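# Results of the structural survey
In case you want the letters, here they are:
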Amino acid sequence: MNLVTLILSGVVMGLIAAVPVGPVTLICIRRTFAFGPVNGFMSGLGAALGDGVFAAITGFGLSWIAQLIEGYSALIYLVGGAMMVWFGFRTFVAAPIPRCQEEGPDSGGSNLFHAMLSTFALTITNPATLLFFTGMFAGLSGLAGGAGSYGDAGFVVIGVVAGSAAWWLVLTTVIGLFHARIDERAMRIINRVSGLLVGIFGLVVLVHLALKLA
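Residues numbered from 1 in each chain as written. Predicted model: local features only at pLDDT ≥ 70, side-chain atom pairs only at ≥ 80, totals over all residues. Heavy atoms only, no water.

### Notes on a nonpolar patch on the surface
Counted only if it meets this: Any residue with relative accessible area above 30% and no salt bridge may belong to a patch, with like charges joined within 9 Å and the nonpolar Val, Leu, Ile, Met, Phe, Trp and Tyr side chains within 5 Å. In these tables, accessible area is a Shrake-Rupley quantity obtained with a 1.4 Å probe, and a residue counts as shielded only by the protein chains included in the view. A pair is scored as a salt bridge if a Lys or Arg side-chain nitrogen falls within 4 Å of a carboxyl oxygen belonging to Asp or Glu. Secondary structure elements follow DSSP: runs of H or I of four or more residues count as helices, runs of E of two or more count as strands, with numbering from the N terminus.
Residues W86, F89, F92, V93, I189, V193, L196, L197, I200, F201 and V204 make up a contiguous nonpolar surface patch of about 1000 Å² in total accessible area. Of all the elements in the fold, those that place two or more residues in the nonpolar patch are α5 (73-93) and α9 (184-213). Along the chain, the position of L197 falls in helix α9.

### Considerations on the side chain of T172
This is how it is decided: Any residue under 20% of the maximum accessible area for its type is buried, any over 50% is exposed, and the rest in between are partly exposed; the area is computed with a 1.4 Å probe on protein chains only. As used in this structure description, the phrase polar contact means that two N or O atoms lie within 3.5 Å; if the pair is within protein, one of them must be able to donate a hydrogen and the other to accept it, and residues adjacent in sequence are counted only when both atoms belong to side chains.
By secondary structure assignment, the location of T172 is in helix α8 (residues 150-176). The exposure class of T172 is buried, given its relative accessible area of 2%. Among the polar contacts listed, one links the side chain of T172 to the backbone oxygen of W168, at a separation of 2.6 Å.

### Side note on the side chain of T125
For clarity, the cut-off: Any two residues having at least one pair of non-hydrogen atoms within 4.5 Å are treated as being in contact.
In this fold, T125 is placed in the loop between α6 (109-124) and α7 (128-144). On the basis of relative accessible area, T125 is assigned to the buried category, the value being 14%. Among the polar contacts listed, one links the side chain of T125 to the backbone oxygen of L122, at a separation of 3.0 Å. In contact with T125, other than residues within four places in its own chain, are I76, Y77, V79 and G80.

### Looking at the nonpolar core
Selection criterion: Definition of nonpolar core: a set of buried residues of the types Ala, Val, Leu, Ile, Met, Phe, Trp, Tyr and Cys, connected through side-chain atoms within 4.5 Å.
Counting residues in each nonpolar core, the largest one holds 26 residues, and the members touching the most others are V24, F33, L45, L122, W168, M187 and V198. Of all the secondary structure elements, the ones that give two or more residues to this core are α2 (23-35), α3 (37-59), α5, α6, α8 and α9. A total of 7 residues in this core trace back to one element, the largest contributor, which is α2. Aside from chain neighbours lying at most four places away, what touches V198 is P23, L26, I27, M84, F87 and G88. Among the nonpolar cores identified, the runner-up in size contains 14 residues, and F54, A55, I57 and V160 belong to it.

### Some points on the confidence of the model for the protein
Applicable threshold: pLDDT expresses how confident the predictor is about each individual residue, on a scale running from 0 to 100.
Of all residues in the protein, 87% have pLDDT values of 70 or greater, and the mean over the chain is 83. For the protein, per-element mean pLDDT is lowest for α7, which scores 71, and highest for α3, which scores 92.

### Some thoughts on the packing of aromatic side chains
Note the following rule: Working definition: a ring pair exists when centres of Phe, Tyr or Trp rings (six-membered ring for Trp) sit within 6.5 Å. Plane angles under 30 degrees give stacked, over 60 give edge-to-face, the rest tilted.
The tally for this structure, following the rule as stated, stands at 2 aromatic pairs. Their ring planes at 75° and their centres at 4.9 Å tell us that F132 and F133 sit as a pair that is edge-to-face. A relative accessible area of 25% places F132 in the partly exposed class.

### A word on the environment of T91
Tracing the backbone shows T91 in helix α5. Sequence separation between T91 and R188 is 97 residues; the distance between their C-alpha atoms is 9.6 Å. Beyond its immediate stretch of four places on either side in the chain, T91 contacts R30, N191, S194 and G195. At a separation of 2.8 Å, a polar atom in the side chain of T91 contacts the main-chain carbonyl oxygen of F87.

### Here we look at the packing of α2 against α9
So the rule is basically this: Axes, fitted as lines to C-alpha atoms, cover a helix only where it is in contact. Angles between the N-to-C directions of the axes lie from 0 to 180 degrees. Roughly parallel means an angle under 35 degrees; roughly antiparallel means over 145; roughly perpendicular covers 65 to 115; every other angle is labelled oblique. In this scheme the handedness of a crossing depends on how the near helix is turned from the far one: anticlockwise by less than a right angle means left-handed, clockwise means right-handed. Amino acids outside the nonpolar list (Ala, Val, Leu, Ile, Met, Phe, Trp, Tyr, Cys, Pro) and the charged list (Asp, Glu, Lys, Arg) are all regarded as polar, and Gly is one of them.
Orientation of α2 relative to α9, taken along the N-to-C sense of each, is 165°, at an axis distance of 9 Å. In this view, α2 runs roughly antiparallel relative to α9, as classed from their interaxial angle. The way α2 lies across α9 gives a crossing that is left-handed. Along its contact with α2, which presents P23, L26, I27, R30, F33 and A34, the element α9 presents M187, I190, N191, S194, L197, V198 and F201. Its residues placed into classes, the contact of α2 with α9 shows 10 nonpolar, 2 polar and 1 charged.

### Points about the packing of α5 against α9
Each packed pair of helices is defined by two parameters, the angle between the axes and the distance between the axes. Closest axis-to-axis distance for the α5/α9 pair is 7 Å, and the angle between their directions is 155°. Relative to α9, the element α5 lies roughly antiparallel. For α5 against α9, the interelement crossing comes out left-handed. Per-class residue counts for the contact of α5 with α9 are 16 nonpolar, 9 polar and 2 charged.

Structure below.
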């Protein structure tokens, strides 16, 4: 496969991984409404980098890491589910941000890094993403007629991160157009709804884990 095809294949994988609505999507939307599109995009970028990590594990054939993740999948799901419940609770009880503070401290570099790190952590604590990329790379390998080189895998991984990041850029840019129109009452509703849904996602993960271990 040529370079353009490899990168485009990765872009498609990244889009397929990012577009479905999940807890990270809700977090990015809420942060965009509350703090603006830059904070929302940095949150999405954390998820894109998390997708890139799983894509790299699969693409570079790092089977020992995949086996390690599989071996500790119960613990990883527990941490991921608990994190979602905590994120949901914190969002649900969060007070609406006064307009004068929205572009203040949370737009600083350290807080933007924290926004990115939090969604990166949520993404890499979802082992199902690894299974997704395993299947996608297997299909790509079949189309290519066999296993590619590390260089080929690297270009696909770059495409994955680029595709996922592009989705978050578009989403947060569009939502950011409404950022200045959100008043405290609307922000309170957004906090309640997004917090509740993220918490439910976390509870579903924890219940599924409990049933699996029972």
